Structure formats: C-alpha cells, structure tokens
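# Structural characterization, general
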Amino acid sequence: MIKYIMLLLVGIGVYLGVTYKDQIEDFVDSRPAEEMQDLLEEAKDQVSEKAEVLSDKLDELSK
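Just so you know, these numbers come straight off a predicted model, no measurement behind them. (Residues numbered from 1 in each chain as written. Predicted model: local features only at pLDDT ≥ 70, side-chain atom pairs only at ≥ 80, totals over all residues. Heavy atoms only, no water.)

### Describing the overall build of the protein chain
Rules: Secondary structure elements are defined from DSSP: runs of H or I of at least 4 residues count as helices, runs of E of at least 2 residues count as strands, and each element is numbered from the N terminus. Method for areas: the Shrake-Rupley scheme with a 1.4 Å probe, in which residue coverage is limited to the protein chains shown. In this tally Asp and Glu are treated as negative and Lys and Arg as positive; neither His nor the chain ends contributes. Throughout, a charge is located at the NZ atom of Lys, the CZ atom of Arg, the CG atom of Asp or the CD atom of Glu.
When helices and strands are counted, the protein chain shows three helices and zero strands. Listed by position from the N terminus, the elements making up the protein chain come as α-α-α. Based on the C-alpha atoms only, the size of the protein chain along its principal axes is roughly 75 × 30 × 10 Å. Summed over its atoms, the accessible surface of the protein chain is roughly 6,200 Å², and 64% of this surface lies on carbon and sulfur atoms. For the protein chain, the distance from the average position of its 7 positive side-chain charges to the average position of its 15 negative side-chain charges is 5 Å.

Encoded structure:
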C-alpha cells in the first residue's frame, strides 16, 4: 500500500514538473544562472588555451 502512495506522489510530482516547468524555472531564475555558468566555462577554456600557448612559447625560448 505504501509503495502505491509513493508512486502516486512521484507521479503527481512529475506531472507538476512537466506542466509548470517554465513557471518553476522563472521562479527560481535558473536560466540566468545556467547562462552565467556557461560563460564561466568558456572563459576557463580560453584561459587554459592561452596558458598552453604561453607554456609552449616559453619551452621554445628556453631551448
């Protein structure tokens, strides 16, 4: 009996999540946070690429 109640509650949660996804995202403002995370990841990638280039040039100059 308890597992049927749990399944019912999970089903209701999934239904609410699918139905009101946009409203929930707007309420918690997850979209701007995701965009900021993407920007930070891109910046980190660019910095690591520049660091590799500088490291390679330093190795060439030290030889």
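### Considering helix α1 (residues 2–19)
What sets the pattern is the α-helix's 3.6 residues per turn: residues three or four places apart point alike. Rule in force here: To estimate how far a helix should extend, the number of its residues minus one is multiplied by 1.5 Å. For the exposure calls, accessible area comes from a 1.4 Å probe over protein chains only, and a residue counts as buried if that area is under 20% of its type's maximum, exposed if over 50%, partly exposed in between.
Taking 1.5 Å per residue as the helical rise, α1 with its 18 residues ought to reach 26 Å, and the 26 Å between its terminal C-alpha atoms agrees with that figure. For α1, the buried fraction is low: zero of the 18 residues fall into the buried class.

### Some words on the packing of α1 against helix α2 (residues 21–28)
Defined as follows: Only C-alpha atoms enter the line fits that serve as axes; for helices the fit covers just the stretch in contact. Angles between N-to-C directions range over 0 to 180 degrees. Each angle receives one of four descriptions, namely roughly parallel if under 35 degrees, roughly antiparallel if over 145, roughly perpendicular if within 65 to 115, and oblique otherwise. In what follows, a contact means two residues having at least one pair of non-hydrogen atoms within 4.5 Å.
Put simply, α1 and α2 touch, their axes get as near as 5 Å, and they point 75 degrees apart. In terms of their interaxial angle, α1 and α2 are classed as roughly perpendicular. Each of Leu16, Gly17, Val18 and Thr19 in α1 lies in contact with α2, whose residues at this interface are Lys21, Gln23 and Ile24.

### Quick look at the environment of aspartate 26
Here aspartate 26 lies in helix α2. Owing to a relative accessible area of 45%, aspartate 26 belongs among the partly exposed residues under this scheme. Each C-alpha atom of the pair aspartate 26 and tyrosine 15 lies 18 Å from the other, and the pair is eleven residues apart in sequence.

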